[in-house]
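Below are the chains, spelled out letter by letter.
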Amino acid sequence: MSDQEFEILDSEQACRAFTRETLNELQEAGAELETVHLIEHHLFSVNFDNLEKAVVELVKKGYEVDDADEVELDDGNTGYCCDILIESPLQQDAINQQTDVIYALVDKFNLEYDGWGTYLPELDDEEDYENENEDEGDDAPVIH
């Protein structure tokens, strides 16, 4: 999925299918699924107030949320996106619980959920990674 453009997940069933597919890809890539990873769930809205309301609820539920970024859309309008962060093993049940919480807020506040991704430092050659990314300031590889 990392080579594809993200599609909006428009139902809990789509979220579960996305998670199954992503976990299969991660397993094939050699990711350590039992290890706790930082997972980023991606939210988007054209309405900043709605996104902010969802963020407040997520923080109350114990999620960490990055500051929202303003993005220009293809049609020239403005949208807002943010990442919801949680540490979790890469397991279907754990991620389903997270997406259930997030998707309930997607419905409630008319947001878009773009799925989740994670960093995979265990698949990166540490020495090469440090040399390649010193100038770039990038983090470890991400798979969505």
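In this report, we go over the structure that sits alongside the text. From a predicted model like this one, the values you see are computed outputs, not experimental measurements.

1. A closer look at the overall build of the protein chain
So, point 1. Within the protein chain one finds four helices and six strands.
So, point 2. Helices (α) and strands (β) of the protein chain occur, in sequence order from the N terminus, as α-β-α-β-β-β-α-β-α-β.
So, point 3. For the protein chain, the proportion of its 144 residues judged to be buried stands at 40%.
So, point 4. Counting contacts in the protein chain only where the partners sit at least 6 residues apart, residues at least 24 apart contribute 71% of the total.
So, point 5. Surface exposure of the protein chain reaches about 8,600 Å², of which carbon and sulfur atoms provide 40%.

2. Focus on the pairing of strand 4 (residues 78–89)
As a general feature of sheets, a regular strand has side chains that alternate between the two faces.
So, point 1. Direction of pairing for strand 1 (residues 36–45) relative to strand 4: antiparallel, over a ladder of ten bridges. Paired with Glu-40 across the strands is Leu-85, a residue of strand 4.
So, point 2. Where strand 2 (residues 64–65) meets strand 4, two bridges bridge the pair, whose relative direction is antiparallel. Within strand 4, the position partnered with Val-65 by the bridge is Ile-84.
So, point 3. Pairing geometry for strand 3 (residues 69–72) and strand 4, over four bridges, is antiparallel. Bridging across to strand 4, Glu-70 finds its partner in Tyr-80.
So, point 4. Counted between consecutive antiparallel strands, the loop separating strand 3 from strand 4 contains five residues, among which Gly-76 sits at a positive phi close to 90°.

3. Looking at the packing of helix 2 (residues 48–60) against helix 3 (residues 92–109)
So, point 1. Interhelical geometry of helix 2 versus helix 3 gives an angle of 150° and a closest axis separation of 10 Å. Considering their axes alone, helix 2 and helix 3 lie roughly antiparallel with respect to each other. Here the hand of the crossing between helix 2 and helix 3 comes out right-handed. Where helix 2 abuts helix 3, its residues Asn-50, Lys-53, Ala-54, Glu-57 and Leu-58 lie against Val-101, Ile-102, Leu-105, Lys-108 and Phe-109.
So, point 2. When its residues are assigned to classes, the contact of helix 2 with helix 3 shows six nonpolar, one polar and three charged.

4. Section: the pattern of salt bridges
So, point 1. For the coordinates displayed, the defined rule picks out two salt bridges.
So, point 2. With its nearest N and O atoms 2.9 Å apart, the salt bridge here joins Asp-100 to Arg-16. In this pair, Asp-100 sits in helix 3 while Arg-16 sits in helix 1 (residues 12–29), placing the two residues 84 residues apart along the sequence.
So, point 3. Relative accessible area serves as the criterion here: at 26%, Arg-16 is assigned to the partly exposed category.

5. Focus on the nonpolar core
Most often, soluble globular proteins keep nonpolar side chains buried together rather than apart.
So, point 1. Of all hydrophobic cores here, the largest spans 29 residues; its most connected members are Leu-26, Leu-43, Leu-58, Leu-90, Tyr-113 and Trp-116.
So, point 2. The element contributing the most residues to this core is helix 3, with six residues.

Calculation criteria
Residues numbered from 1 in each chain as written. Predicted model: local features only at pLDDT ≥ 70, side-chain atom pairs only at ≥ 80, totals over all residues. Heavy atoms only, no water. Helix = DSSP H or I, 4+ residues; strand = E, 2+ residues; numbered from the N terminus. Buried < 20%, exposed > 50% of the residue type's maximum accessible area, 1.4 Å probe, protein only. Contact = heavy atoms within 4.5 Å. Areas by Shrake-Rupley, 256 points an atom, 1.4 Å probe, with all protein chains shown as cover. Pairing = 2+ DSSP bridges. Axes fitted to C-alpha atoms, helices over the stretch in contact; angles between N-to-C directions. Parallel < 35°, antiparallel > 145°, perpendicular 65-115°, else oblique. Left-handed = near helix turned anticlockwise from the far one by under 90°. Nonpolar A, V, L, I, M, F, W, Y, C, P; charged D, E, K, R; others polar. Salt bridge = Lys/Arg side-chain N within 4 Å of Asp/Glu carboxyl O. Core = buried A, V, L, I, M, F, W, Y, C linked by side-chain atoms within 4.5 Å.

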